[in-house]
Amino acid sequence: MAAPIRVVRPADLVDADPTVGMRRQLAFAVEGLWVGLVHTDAGAVSGWHHHGEHDTGIYLLTGGMRLDFGAGGSTSVEAGPGDFVQVPPWVVHREANPGTETATAVIARSGRGEPTVNVDGPES
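Just so it is clear, the structure is predicted and the values come from calculations on it, not from any experiment. (Residues numbered from 1 in each chain as written. Predicted model: local features only at pLDDT ≥ 70, side-chain atom pairs only at ≥ 80, totals over all residues. Heavy atoms only, no water.)

Asker: For this particular structure, what's the right way to read the nonpolar core?
Answerer: Side chains of a nonpolar character, in soluble globular proteins, are inclined to be buried together. Grouped together as the largest cluster of nonpolar side chains are 15 residues, with contacts concentrated most on Ile58, Leu60, Met65, Val85 and Ala105. Mapped by element, the contributors of at least two residues to this core are strand 2 (22-30), strand 3 (33-40), strand 5 (55-62), strand 6 (65-69), strand 8 (84-87) and strand 10 (103-110). The leading source of residues in this core is strand 10, at three residues. Setting aside its immediate chain neighbours within four residues, Met65 contacts Ile58, Leu60, Val77, Glu78, Ala79, Glu95, Ala96, Pro98 and Ala105. (Core = buried A, V, L, I, M, F, W, Y, C linked by side-chain atoms within 4.5 Å. Buried < 20%, exposed > 50% of the residue type's maximum accessible area, 1.4 Å probe, protein only. Helix = DSSP H or I, 4+ residues; strand = E, 2+ residues; numbered from the N terminus. Contact = heavy atoms within 4.5 Å.)

Asker: Can you help me understand the packing of aromatic side chains in this one?
Answerer: What characterises a pair of aromatic rings is the spacing of the ring centres plus the angle enclosed by the ring planes. Tallied over the full model, the rule gives one aromatic pair. A cation sits over an aromatic face here: Arg109 above Trp34, 4.9 Å from the ring centre. (Phe/Tyr/Trp six-rings, centres within 6.5 Å; stacked < 30°, edge-to-face > 60°. Lys NZ or Arg CZ within 6 Å of the ring centre and 35° of its normal.)

Asker: Quick question: what am I supposed to make of the side chain of Asp17 here?
Answerer: Assignment of secondary structure puts Asp17 in strand 1 (residues 14-19). Arg109 is the oppositely charged side chain nearest to the buried, salt-bridge-free Asp17, at an N-O distance of 4.6 Å. A distance of 2.9 Å separates the side chain of Asp17 from the side chain of Trp34, its partner in a polar contact. With sequence-adjacent residues up to four places away left out, Asp17 is seen in contact with Arg24, Trp34, Glu114, Pro115 and Thr116. (Lys, Arg positive; Asp, Glu negative; His and termini not counted. Salt bridge = Lys/Arg side-chain N within 4 Å of Asp/Glu carboxyl O. Polar contact = N/O pair within 3.5 Å; in protein donor to acceptor, adjacent residues only side chain to side chain.)

Dropping the structure here:
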């Protein structure tokens, strides 16, 4: 028999994969898939990190998000509520919330290995 369908309630989320400036909450992780939420306070800027071989999909629920990446962190994209963002494997980036309210997003990662690797910054 296949595994049963389960529901993960907000109270069941657990803090996971810390990066300075962000709070990630894990809903569930199974072989090859990580699903949860990320919260970034207004005005906060995260530490630099990448997600190893994971391909990451983000759906922004509230607030704003700016992602810095590229040589020396010189490239940026911005997203708002209702936007989807795709972060390819191994891309070193940081997330900022330029807005005045906490940004909350749903995250789904597909891949293997460590889902978050904190680093000093992108290469120049």
